[in-house]
Amino acid sequence: MNQEILAARYSHQEIVRKYDLIASIYDVFGILAESKARRRAIEVASIRNGERVLEVAFGTGLNIVEILKRNPEGWVDGIDVSTKMTEKTKKRISRIGQKNFTLHLGIAVIFLLPMRRSTYS
């Protein structure tokens with residue numbers, strides 16, 4: 001497995017600034033370019049009512065709303081770096097009246113752990 005780590009093109013602050021700038025128009029892109037992939041991801045996730053779900057980089061909340069609709073008795077945590085995206089998501093969720101969620105402003109850190117082959121019966 002290739003363990004090379006690439007240098008980031010943009011600093012964290014630049015990324016936050018860029019997403020804050022495009023938050024007001026992001027839904028146009030999200031609906032036109034990502035709808036099919038978003039539907040497929042939710043389908044593959046097979047979210048069942050009552051589960052706890054983590055949505056990383058939730059953007060304007062297009063996925064979170066769908067997850068909340070499928071999981072009204074569960075819980076959804078979301079994390080995103082953009083204050084403006086988070087504000088749009090809160091407004092979007094308020095329109096459907098769900099209360100079973102928490103939105104976090106920050107970064108998600110990925111830890112690379114060695115994979116162990118297992119067999120399941």
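Structure: see above.
Computed from a predicted structure; not experimentally measured. (Residues numbered from 1 in each chain as written. Predicted model: local features only at pLDDT ≥ 70, side-chain atom pairs only at ≥ 80, totals over all residues. Heavy atoms only, no water.)

Thoughts on the nonpolar core
Defined as follows: Definition used in this section: a nonpolar core is a set of buried Ala, Val, Leu, Ile, Met, Phe, Trp, Tyr and Cys residues joined via side-chain atoms within 4.5 Å. Three labels apply to residues, based on accessible area from a 1.4 Å probe with only protein chains included: buried if under 20% of the type maximum, exposed if over 50%, partly exposed otherwise in between. Helix and strand labels come from DSSP, where a helix needs a run of H or I of at least four residues and a strand needs a run of E of at least two; each type is numbered from the N terminus. Note on contacts: a residue pair qualifies if any of its non-hydrogen atoms lie within 4.5 Å across the two residues.
Judged by nonpolar contacts, Ile42, Ile47, Val53, Phe58, Ile64, Val65, Ile67, Leu68, Val76, Ile93, Phe101 and Leu103 together constitute the single largest core of 12 residues. Among the secondary structure elements, those contributing two or more residues to this core are helix 3 (62-70) and strand 3 (101-105). Broken down by element, the residue count for this core peaks at four residues, all from helix 3. Filtering out sequence-adjacent residues up to four positions away, Leu68 remains in contact with Val76, Ile93, Ile96, Gln98, Asn100 and Phe101.

Brief notes about the sheet that holds strand 1 (residues 52-56)
The test is simple: Pairing between two strands requires that DSSP report at least two bridges joining them. All axes here are fitted lines through C-alpha atoms, helices being fitted over the stretch that makes contact, and every angle between N-to-C directions spans 0 to 180 degrees.
Ordered by their spatial adjacency, three strands build an open sheet running 1-2-3, and the pairing between neighbours is parallel. Since the sheet does not close on itself, it has two edges, and those belong to strand 1 and strand 3, each with one partner. Between one strand and the next, the sheet's axes are offset by a mean angle of 15 degrees, whatever the strand orientation. Direction of pairing for strand 2 (residues 75-80) relative to strand 3: parallel, over a ladder of five bridges. When the sheet's bridge partners are listed, Ile79 is paired in strand 3 with His104.

Here we look at a nonpolar patch on the surface
Quick reminder of the rule: Patches draw on residues past 30% relative accessible area with no salt bridge. Two like charges within 9 Å are joined, as are two nonpolar side chains (Val, Leu, Ile, Met, Phe, Trp, Tyr) within 5 Å. The Shrake-Rupley method, run with a 1.4 Å probe, gives the accessible areas here. Residue values count only the displayed protein chains as cover. By salt bridge we mean one thing: a side-chain nitrogen of Lys or Arg within 4 Å of a carboxyl oxygen of Asp or Glu.
A cluster of nonpolar residues, Tyr10, Ile15, Tyr19, Leu21, Ile22 and Ile25, forms a patch on the protein surface that exposes about 570 Å² of accessible area. Within the secondary structure, Leu21 is located in helix 1 (residues 12-22).

Thoughts on the side chain of Asn71
On the secondary structure map, Asn71 appears in the loop between helix 3 and strand 2. If we ignore the near neighbours within four places in the chain, the residues touching Asn71 are Ile47, Arg48, Asn49, Gly50, Glu51, Val53, Val76 and Asn100.

Comments concerning the side chain of Asn100
Our working definition: Polar contacts, as counted here, are pairs of nitrogen or oxygen atoms within 3.5 Å of one another; within protein the pair requires one atom able to donate a hydrogen and one able to accept it, and residues that are adjacent in sequence qualify only if both atoms are side-chain atoms.
Tracing the sequence through the fold places Asn100 in the loop between helix 4 (83-94) and strand 3. Among the polar contacts made by the side chain of Asn100, one reaches the main-chain carbonyl oxygen of Pro72 at a distance of 3.4 Å. Within the local environment of Asn100, its side chain forms a polar contact with the backbone oxygen of Gly74, the two atoms lying 3.0 Å apart. Aside from chain neighbours lying at most four places away, what touches Asn100 is Leu68, Asn71, Pro72, Glu73, Gly74, Trp75 and Val76.

These results come straight from atomic positions and should not be treated as a statement about function.
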